[in-house]
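For reference, the chains in residue letters:
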Amino acid sequence: MISLISLYTLVRISDVAVGDYRLGYLLYIGRSIEKSNNYRPVSKINVNKVKDPPLPQGDTLNLLKLTEFGPDLGESATMTEKRTRPLLWLASQEGIILSSNTDAPLPIDWRDLKLPKKIHGMESNESNILEPKTFVVKLNTTPTTYLISHNERTLFQGPYLLIQGTHTFTTAALAVFLALSISFYYLRRKSNEARKVLARLESGDLKARFEINRYDEFGNLILDFNRMADEIEKLVKRVQDTEVSRSNLLQELGHDLRTPMTSLTTAFETLKLHGDQLSSDDCQEIFAMITTDIRYFKELLDKLTLVATIDGPHYKASTETIDLNSLLQTELYSRQIAAGHALSWNLIHTDEMTPYILGDSHLITRLFRNAFDNASRYASNNITVKINVQKERVEVLVMDDGPGLTPESIQSFGKRRERRQRKEKDPNDFSLGLGSVIMKTITQVHGGTIEMMNVISQEQIKGACLKVTFQKMQA
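Just so we're clear, the structure is a prediction, and the values are computed from it rather than from any experiment. (Residues numbered from 1 in each chain as written. Predicted model: local features only at pLDDT ≥ 70, side-chain atom pairs only at ≥ 80, totals over all residues. Heavy atoms only, no water.)

Participant: Residues and numbers for the sheet that holds strand β7 (residues 344–348), please.
Facilitator: Strand order in the open sheet formed by five strands is β7-β9-β10-β14-β13, with mixed pairing between adjacent strands. Pairing within the sheet leaves two strands with one partner each, and these edge strands are β7 and β13 (449–457). Going from strand to strand, the sheet's axes swing by 20° on average, the running direction of each strand aside. Against the sheet, helix α8 (residues 324–339) engages β7, β9 (382–389), β10 (393–400) and β14 (460–471), with an angle of about 165° to β7. (Pairing = 2+ DSSP bridges. Helix = DSSP H or I, 4+ residues; strand = E, 2+ residues; numbered from the N terminus. Axes fitted to C-alpha atoms, helices over the stretch in contact; angles between N-to-C directions. Contact = heavy atoms within 4.5 Å.)

Participant: Explain the side chain of Glu233 to me, using residue names and the numbers behind them.
Facilitator: Within the secondary structure layout, Glu233 lies in helix α6 (residues 217–274). According to the relative accessible area criterion, Glu233 is buried, its value standing at 19%. At 2.9 Å, the side chain of Glu233 and the side chain of Lys207 are in polar contact. Contacts of Glu233, omitting those with residues within four sequence positions, involve Leu206, Lys207 and Arg209. (Buried < 20%, exposed > 50% of the residue type's maximum accessible area, 1.4 Å probe, protein only. Polar contact = N/O pair within 3.5 Å; in protein donor to acceptor, adjacent residues only side chain to side chain.)

Participant: Could you give an account of the sheet that holds strand β4 (residues 134–139), naming the residues involved and the relevant values?
Facilitator: Taken in spatial order, the five strands make up an open sheet running β2-β1-β5-β4-β3, and their pairing is antiparallel. Either end of the sheet is taken by a strand with one partner, and the two such strands are β2 (97–100) and β3 (122–125). Each strand axis lies, on average, 20° off the axis of its neighbour in the sheet, ignoring direction. The sheet contact formed by strand β1 (residues 87–92) and β2 spans three bridges and is antiparallel. Paired with Leu90 across the bridge in β2 is Ser99.

Participant: Could you give an account of the nonpolar core, naming the residues involved and the relevant values?
Facilitator: Ranked by size, the top nonpolar core spans 33 residues in total, and within it Phe368 and Leu466 carry the most contacts. Taken together, the elements giving at least two residues each to this core come down to α8, α9 (361–378), β9, β10, α11 (435–445), β13 and β14. Top contributing element to this core by residue count: α9, with seven residues. Discounting residues that sit within four places of it in the chain, Leu466 has contacts with Ala371, Val396, Leu397, Val398, Phe413, Met439, Ile450, Glu451 and Met452. Ranked by size, the runner-up nonpolar core spans 16 residues in total, among them Tyr25, Val47, Val50 and Leu88. (Core = buried A, V, L, I, M, F, W, Y, C linked by side-chain atoms within 4.5 Å.)

Participant: So, the packing of aromatic side chains: which residues are in play, and what are the values?
Facilitator: Here the structure, examined in full by the defined rule, presents three aromatic pairs. An aromatic cluster of at least three residues, connected via ring pairs, comprises Trp345, Phe368 and Phe372. (Phe/Tyr/Trp six-rings, centres within 6.5 Å; stacked < 30°, edge-to-face > 60°.)

As structure tokens, this is what we get:
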């Protein structure tokens, strides 16, 4: 393709370069014919006897050697011997040949020739690029005549390989330049677009993205950038949500701390000021109250420490592949040993597919320990843990056979209760109301969902059910 382009360029350049000489050549002969017409009729004029104009010098002469002259006859030959004169015909307005320097007929039928309308005007007749042109000049004679020129040139005359190679190299260099220019323009446009997207991200617009209009290497790179921006947006949103939740928890716990702080202050002041006047039973009651408040503070610190350390598994070094079957079997086995015959722990799962999830095993263990503590608190005889493996998800159901939950308890699951509540099995201990909050937080940072509901059979509540859903890790 490059060779054909360079060949076409060579022909066009040579035609343009020698065009002026060609027109001057024909006009020189034409004016000689016009002068001869002043003293003889045009039918008596012989174009073969009209002299040629002098040859040009310099680059034009070199191009003439390639396009208008014959083959090189050697340095000893004269320019006239080297030169091949173009074919000439002198024709009347009706197309009758009055004179010519060849016995050959016109290369193109007279009716198909383009004839100039102005005196000394020239028209070119070209059938295709590989054939030489036929030129027609209108002369100022009486009657009107036309001078027709046709040169049987060849493209392979002269140092063709050198010129062909030069034009091939030039065309290749031009193609490389155009390719680099297009690439530079495209990269510059994408660079400006990237600056705009980054400026929007810096200003806080985390939804700024590249528009994907093509799916090549650049399109894949842009797709990867947009995917990275999505992850950054999720991370920032999760951090914001976590900070809001922690701020709300601190505000709520600040109100809850006033009661035990007041109680402890009163107890210490009573012992300090009136300790020698109190009976043994009164002192034991005050010490029990102080012990309960201290246990409350200790549990509060443990919960707050856990909430503060919860982070997304995708951004922690402790991220690992977790086998839910193995984790739950180990936990239920220890629970069954501790409960003895008072409570039955059952695990239902399928052996066809092992469910794996990606996350922090310590947090996932803490999640299910809280769930099992809640279930054992209300269960009568049995607790059943069921694993449902689906196409892209893993569901874990923790079901007890207790009295179930009220609609208010289901509605408030995962939210911080405003007041601490006394535990049923230990009247001296208190619940902070943070258990469901911690379970929900751990589930959310692992990309899952958690839901509390009642188990209903034959329109009767048969117990409570906690459903935890995770994204299954693909093999």
